[in-house]
Amino acid sequence: MRVLLVEDSHRLRETLASALRRSGYAVDLAADGEEALSLATSNAYDAIVLDIMLPKVDGLEVLQRLRRQGNATHVLLLTARDAVQDRVDGLQKGADDYLVKPFSLEELLARVQALCRRVYNQKEPSLKIGDLEVDTVGRRVLRAGQPIELTMREYLLIEYLAHRPGQIVSRAEIEAHIYDDQIDPMSNVVDSAICSLRKKIGTANPAPLIHTRRGLGYVLEAASPLVATL
Amino acid sequence: MNSIRLRLTRKLLLGLVLLLGAGLLTIYLSVRAALVTEFDNALWTKALAVTTGTEQEADRFSVRFSDRFMRGFDNQVATDFFEIWGVDGTVVGRSRMIEGFDLPRRIGSFDSPKYWNFRLDSGLPVRGIGFDFTPRLAPRLPKTTPRAKLSLVVAVDRHPLIETLFKLKLIIGGCGVLLLGATVGLLRPILRTELHPLERLGEQAARITADSLATRFPVDVLPTELVPIATRLNDLLARLQESFERERRFSADLAHELRTPLAELRSLAECAIKWPDSRNPSTDEEIVAIAAHMEGMVRRMLVLAHSERGQLALCREDIAIGPMVDAVWRPLAERAEGKRLRATFAIQPAAVSADPVLLRSILANLYDNAVEYSPSGGEISTVVLPAGDRISLSITNSVEGFTEADSRKLFDRFWRKEASRTGHEHSGLGLSLAREFSRAMDFELTAAFDQGRLTFTLVGVRGSLTGLAVAESQFVI
């Protein structure tokens, strides 16, 4: 999942970015409203954590401009303003959630996760594809009831694919949502991760779950229609 | 109920009743007087007719009525009566209808007869006239015959006059009642219409709450008498709104100032607990820096609170202004050079009577702001001008993106041009403190913005250079 974090306080920005990254999110950072607008309009984020009092363009204005542009990315407002009217203002201007400073880090992470789940209309914290189960809260993966050891990247990859079962997910989408901008566009980091993932989830049950659509991307589903017809 | 409309209605009606009553009474009395005069003229004419018909004969007097005018004395009509007395009071003649009783005898002179109302024994209301007269001599008597003097009283039935006056009373009274009714009918809608702006003003004022201080009374449509009230109310509302907004902004700013470092602290701590490997020496340094920032802010707020309550202990002394400016500016000079700022000083040798700690704090804040917010390559100028027993110090610097409206908020606590609090170097309390320190010393600190240049002027009490070191007193930067 890729998250845009907009916060003008350097310390808070870096701390939250570190926490989000350690929780498995790809995080982009912005320190002011202009930078936030630029990033939000040029990238697809699963969620935006947006401070209200920002230099150059304030957070509510950023939110309004994004909504006017038709950008429906879920936004969590992060602010020191706790008056009811401030919350109402924020929500009426298109925010999806509101968190008042100081906040619990766990609460922030839970809310960001909930917003990301809403992107894929998923309400249950557990995703099931055939005998594969992805527990998004415990961040565990089970195949045929057996736990599978995965790296953080591999987990994020399977979770991202599991959010879109049966859909073709392109390499570019995977790169955008799982990896930071630093990866080399020419690298085969996605293919390598898919290959490694296939091996690990194939241990408990060799039936393939991740299918390649040549030139298009990958599909996670219990049985490939093409395989079924053969 | 203490209502202006009700009170106006009552008082206007009372005034109207009094005026109308007085007017109608005057009309009645005038008409009555005219009618009575006319009646008296007729009475006088009849009395004259009686005197004309009275003749003195040799040993008696005779009264003759010949024309129709005297028919009232006739028994059949019986509306007019007369009685004539001689000098000795003997009755020499009277109407037949008053045989058996006398008319009351009130006698005036011929030129000034007496008129009065009375009732006959029969109960008939009459008006009488009485005067002395000399009858004419019968033609056969010689001219030398001594002339007798007689007294005459003529009474005429007053019924026609009474009836006429009664009708007059009815007409005038009826007119009065009609006029009063019509006035009451007109007065209510007129008062309602004319007092409507006042009522509307009152209703509008009653609807104003802390959440609707942006309301303004429409002055253009109000009557002239209400314009000053509405204008003053609008001014008051504007000040209240500004005051409320300032307080709201202060609360929000204070919350932000405290909540953001708290959020930083909490996030750092929770991150270190959740991912112990994320903790490193820089984390602890960050926590110390946040704590120092919060401590500084609390300290400033306490000083500000003390200053606002007048609890600052002053130690006033004469201070040479030149060396003080030099001491404050010198530590900032390097930063100013880094931004290629040009500093100019025009300082006349003078002293100021001030607390050195507070004055240094004010100047340090003003110069720090000037260096911080002047654009690269800008200019900071200082002018000190003694004038009488006062001394003024002005610091002017160029600013960018600043507006006239901003200059009015400069001394608000936590106000900063940028609504966000990026960076922690400035808390937004410095200028509030500078102004409070100025007030504590009876100084005046003001800000003015003109054509891209912001000027702070500090005006204070001039001190004496006597006793200060020569080098200090003649110091000019």
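Residues numbered from 1 in each chain as written. Chains lettered and ligands numbered in written order. Predicted model: local features only at pLDDT ≥ 70, side-chain atom pairs only at ≥ 80, totals over all residues. Heavy atoms only, no water.

Enquirer: Please explain the interface of chain B and chain A as it appears in this structure.
Expert: Interface size is commonly expressed as the accessible area that is lost once the parts come together. Across the contact, 26 residues belong to chain B and 23 residues belong to chain A. Approximately 2300 Å² of surface area, both sides summed, lies buried where chain B meets chain A, with 58% of it carried by carbon and sulfur atoms. In this structure, the connection of chain B to chain A is made through four salt bridges. One salt bridge in this structure joins Arg-11 of chain A and Glu-264 of chain B, with 3.7 Å as the shortest N-O distance. Connecting chain B to chain A are seven residue pairs in polar contact (both at pLDDT 80 or more). Those elements that provide at least two residues to the side of chain B that touches chain A are helix H3 (227–274) and helix H4 (281–308) of chain B. Among the elements that take part in the side of chain B that touches chain A, H3 of chain B stands out by supplying 14 residues, more than any other. (Contact = heavy atoms within 4.5 Å. Buried area = accessible area lost by both parts, 1.4 Å probe. Salt bridge = Lys/Arg side-chain N within 4 Å of Asp/Glu carboxyl O. Polar contact = N/O pair within 3.5 Å; in protein donor to acceptor, adjacent residues only side chain to side chain. Helix = DSSP H or I, 4+ residues; strand = E, 2+ residues; numbered from the N terminus.)

Enquirer: Got a minute to help me understand the pattern of salt bridges in this structure?
Expert: Any two side chains of opposite charge can pair, given that their charged atoms come close. Considering all chains together, one arrives at 36 salt bridges over all chains under this definition. Put simply, Arg-335 of chain B and Glu-372 of chain B hold a salt bridge, and the shortest N to O gap is 3.1 Å. Here Arg-335 of chain B, found in helix H5 (residues 321–338), pairs with Glu-372 of chain B, found in helix H6 (residues 356–373); they are 37 residues apart in sequence, far enough to count as distant. Classification of Arg-335 of chain B by relative accessible area gives partly exposed; the value is 36%. Each of Glu-7, Asp-51 and Lys-101 of chain A takes part in salt bridges that share partners, so that together they form one network. (Buried < 20%, exposed > 50% of the residue type's maximum accessible area, 1.4 Å probe, protein only.)

Enquirer: What should I look at first to understand the nonpolar core in this one?
Expert: Soluble globular proteins tend to bury their nonpolar side chains together. Ranked by internal contacts, the top residues of the largest apolar core, which has 53 residues, are Leu-108, Val-112, Leu-132, Ile-158, Ile-174, Ile-210 and Leu-220 of chain A. Those residues within four positions of Leu-132 of chain A in sequence are excluded, and the remaining contacts are Leu-127, Val-141, Leu-142, Arg-143, Ile-148, Ile-158, Ile-201, Leu-209 and Leu-220 of chain A. Membership of the second largest hydrophobic core comes to 46 residues, among which are Met-297, Leu-429, Leu-431 and Phe-443 of chain B. (Core = buried A, V, L, I, M, F, W, Y, C linked by side-chain atoms within 4.5 Å.)

Enquirer: I tried to follow a nonpolar patch on the surface on my own but got confused; where do I start?
Expert: Residue and element names in this part refer to chain B. Residues Ile-4, Leu-8, Leu-12 and Leu-198 make up a contiguous nonpolar surface patch of about 300 Å² in total accessible area. When residues of the nonpolar patch are assigned to their parent elements, the largest contribution, three residues, is made by helix H1 (residues 4–53). One can find Ile-4 in helix H1. Taking the relative accessible area as the measure of exposure, Ile-4 reaches 47% and is therefore partly exposed. (Patch = residues over 30% accessible without salt bridge, like charges linked within 9 Å, V, L, I, M, F, W, Y side chains within 5 Å. Areas by Shrake-Rupley, 256 points an atom, 1.4 Å probe, with all protein chains shown as cover.)

Enquirer: It is not clear to me how the pairing of strand S2 (residues 26–30) of chain A should be interpreted in this structure. Could you clarify?
Expert: Moving residue by residue along a regular strand, the side chains alternate between the two faces of the sheet. Residues and elements named next belong to chain A. With respect to burial, S2 is a largely interior element, four of its five residues being buried. Two strands pair when backbone bridges link them, and strand S1 (residues 2–6) and S2 are joined in this way by five bridges, in the parallel orientation. Bridge pairing links Arg-2 to Ala-26 in S2. Tracing the backbone out of S1, into helix H1 (residues 10–22) and back to the parallel element S2 gives a crossover that is right-handed. (Pairing = 2+ DSSP bridges. Right-handed = clockwise from strand over helix to strand, strands pointing away.)

Enquirer: Can you walk me through the packing of aromatic side chains in this structure?
Expert: Note on aromatic pairs: each is described by the distance of the centres and the angle between the planes. Under the definition given, this model contains nine aromatic pairs over all chains. Between Phe-411 of chain B and Phe-456 of chain B, the aromatic rings sit 6.1 Å apart at their centres with planes inclined by 90 degrees, giving edge-to-face as the arrangement. One end of the pair, Phe-411 of chain B, is in the loop between helix H7 (404–409) and helix H8 (430–440); the other, Phe-456 of chain B, is in strand S15 (residues 453–463), and 45 residues separate them in sequence. Just as Phe-411 of chain B is buried, Phe-456 of chain B falls in that class too. Each residue in the set Trp-44, Phe-110, Phe-131 and Phe-133 of chain B is aromatic and connected to the rest through ring pairs, giving one cluster. Seen from the ring of Tyr-25 of chain A, Arg-139 of chain A lies directly overhead, with NZ or CZ sitting 5.9 Å from the centre. Over the ring of Phe-411 of chain B we find Arg-435 of chain B; its NZ or CZ atom is 3.8 Å from the centre of that ring. (Phe/Tyr/Trp six-rings, centres within 6.5 Å; stacked < 30°, edge-to-face > 60°. Lys NZ or Arg CZ within 6 Å of the ring centre and 35° of its normal.)

Read these as geometric descriptors, not functional statements.
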